[in-house]
Amino acid sequence: MNQDKNKLLLYLSQVSFAINDLVLFLDTHPCDTNALNYYQELRKARKEALAEYTHKYGPLINYDVDDACYWEWVKDPWPWE
Amino acid sequence: MWNYERRLQYPVNITKCNAKAAQIIISQYGGPDGEMGAAMRYLSQRYSMENRKAIGTLTDIGTEELAHLEIVATIVRQLTKNLTPEEIKASGFDKYYVDHTLAVWPTAAAGIPFNACEFQCKGDTITDLYEDMAAEQKARATYENILRLIKDPEICDPIRYLREREIVHFQRFGETLRRVQDDLDSKNFYAFNGQIDKKPC
């Protein structure tokens, strides 16, 4: 369970990093069609991974808290812990 | 507006305390070429930039520097959180500990507190972009010095990642400078005249 959680978080971080890096490339190459297409592909992958992680393990962003009984944003460990 | 995402941009998993390493690495938190200065430099320079693409680059690199600041803080925290009083005295960490206990506070390795004078916002696109390129090289050199001083693979792995990002950022600022220069008028190509004195065409 915990291993699956870490694996999914690592995958989400990898996809997100690919976007972070690509965004910097697009800032200086805004007409690059290959990069623009790759951005759309990664964006879809990140959206799906983030939704799956949030659904299974709780929110990574405090716009996505989905629990009416307890404020689960403060429940889990923080990234430095 | 910024959003916080509850994860590190690159994973940090340090299992052993090392106060000596923490005292060196904290320079990239609040030292002269650290991530705090980097984030504040780029995010502050944005407001007077006139080139749209340069504003995009400064926003996105400045935001990434905030994520790097969190990675450096996590490294320092994990290296120090379980220190014993004996280790604190033996490693020389006592001089930091007396004022900050085991908190993460922005300082250079030699004890000089974070200082905004370590970066500039000159209000001139060419001047600021040259500063940004130099800043990325200085940060890369600092990460390389850390890698010469520290050999623990758990620490070196995220440090190597941070070093690589300095190289990418240098490249992107270089491309941004080139684009800005392409847009300058021929009489001002070498930018002897400040942006503030630009006459409308």
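Before going into details, it helps to say that this report is about the structure given with it. It should be emphasised that the depicted structure is a prediction, and the values quoted were computed from it without experimental measurement.

This part covers the overall build of chain A. The helix and strand tally for chain A stands at two helices and zero strands. Taken against the 2.2 N^0.38 rule, which gives 12 Å for 81 residues, the C-alpha radius of gyration of chain A at 15 Å runs more than 25% over that of a compact globule. Principal-axis analysis of the C-alpha atoms places the extent of chain A at approximately 45 × 25 × 20 Å. By residue count, 33% of the 81 residues in chain A fall in the buried class.

The subject of this paragraph is the overall build of chain B. Helix and strand counts for chain B come out as eight helices and zero strands. Traced from its N-terminal end to its C-terminal end, chain B shows the element sequence α-α-α-α-α-α-α-α. Its C-alpha atoms give chain B principal-axis dimensions of roughly 70 × 35 × 30 Å. Counting over 201 residues, chain B shows a buried share of 47%. Intrachain contacts of chain B at a sequence separation of at least 6 include 78% that bridge at least 24 residues. For chain B, the exposed surface amounts to about 10400 Å²; the carbon and sulfur share of it is 56%. Here chain B carries 26 positive and 29 negative side-chain charges, and the mean point of each set is 1 Å from the other.

This next bit is on the side chain of Glu144(B). Residues and elements named next belong to chain B. Note that Glu144 resides in helix α7 (residues 125-149). Assessed through its relative accessible area of 17%, Glu144 is described here as buried. At 2.7 Å, the side chain of Glu144 forms a polar contact with the side chain of Arg163.

The subject of this paragraph is the nonpolar core. In this structure, Ile25(B), Tyr29(B), Ile75(B), Leu79(B), Ile150(B), Ile155(B) and Ile159(B) are the most contacted members of the largest nonpolar core, which totals 30 residues. Listing elements by their share of this core, those giving two or more residues are α1 (19-25), α4 (52-80), α7 and α8 (153-183) of chain B. Ranked by residues supplied to this core, first place goes to α4(B) with seven residues. Judged by nonpolar contacts, the second largest core, of 14 residues, contains Leu24(A), Ile126(B), Leu129(B) and Met133(B).

Taken together, the 27 residues of chain A in the interface contact 28 residues of chain B. Three residues stand out in chain A for area buried against chain B, namely Leu24(A), Thr28(A) and Trp80(A), and they jointly supply 27% of the buried area on that side. In this structure, the connection of chain A to chain B is made through two salt bridges. Applying the counting rule to chain A against chain B returns twelve residue pairs in polar contact (both at pLDDT 80 or more).

All names here are of chain B. Topologically, Met40 is positioned in helix α3 (residues 35-45). A relative accessible area of 31% places Met40 in the partly exposed class. If near-sequence neighbours (up to four positions away) are discounted, Met40 is found in contact with Leu66 and Phe119.

Okay, the environment of Trp105(B) next. All names here are of chain B. Within the secondary structure layout, Trp105 lies in the loop between α6 (94-100) and α7. Looking at Trp105, the relative accessible area reads 33%, which means it is partly exposed. C-alpha separation for the pair Trp105 and Ile26, spaced 79 residues apart in sequence, amounts to 8.3 Å. Trp105 has contacts with Ile26, Tyr29, Tyr96, His100 and Pro113, leaving out every residue within four places of it along the chain.

It is worth spelling out α8(B) at this point. For α8(B), which comprises 31 residues, the first-to-last C-alpha distance of 46 Å matches the rise-based estimate of 45 Å (1.5 Å per residue) to within 8%. N-cap assignment for α8(B): the residue whose side-chain oxygen lies 2.9 Å from the backbone N of Glu154(B) is Asp152(B).

On to the environment of Leu162(B). Residues and elements named next belong to chain B. Among the secondary structure elements, Leu162 is positioned in helix α8. With 94 residues separating them along the chain, Leu162 and His68 place their C-alpha atoms 7.1 Å apart. Those residues within four positions of Leu162 in sequence are excluded, and the remaining contacts are Glu35, His68, Ile71, Val72 and Tyr143.

Criteria and thresholds
- Residues numbered from 1 in each chain as written.
- Chains lettered and ligands numbered in written order.
- Predicted model: local features only at pLDDT ≥ 70, side-chain atom pairs only at ≥ 80, totals over all residues.
- Heavy atoms only, no water.
- Helix = DSSP H or I, 4+ residues; strand = E, 2+ residues; numbered from the N terminus.
- Rg over C-alpha atoms; globule rule 2.2 N^0.38 Å.
- Buried < 20%, exposed > 50% of the residue type's maximum accessible area, 1.4 Å probe, protein only.
- Contact = heavy atoms within 4.5 Å.
- Areas by Shrake-Rupley, 256 points an atom, 1.4 Å probe, with all protein chains shown as cover.
- Lys, Arg positive; Asp, Glu negative; His and termini not counted.
- Charge placed at Lys NZ, Arg CZ, Asp CG, Glu CD.
- Polar contact = N/O pair within 3.5 Å; in protein donor to acceptor, adjacent residues only side chain to side chain.
- Core = buried A, V, L, I, M, F, W, Y, C linked by side-chain atoms within 4.5 Å.
- Buried area = accessible area lost by both parts, 1.4 Å probe.
- Salt bridge = Lys/Arg side-chain N within 4 Å of Asp/Glu carboxyl O.
- Expected span 1.5 Å × (residues − 1).

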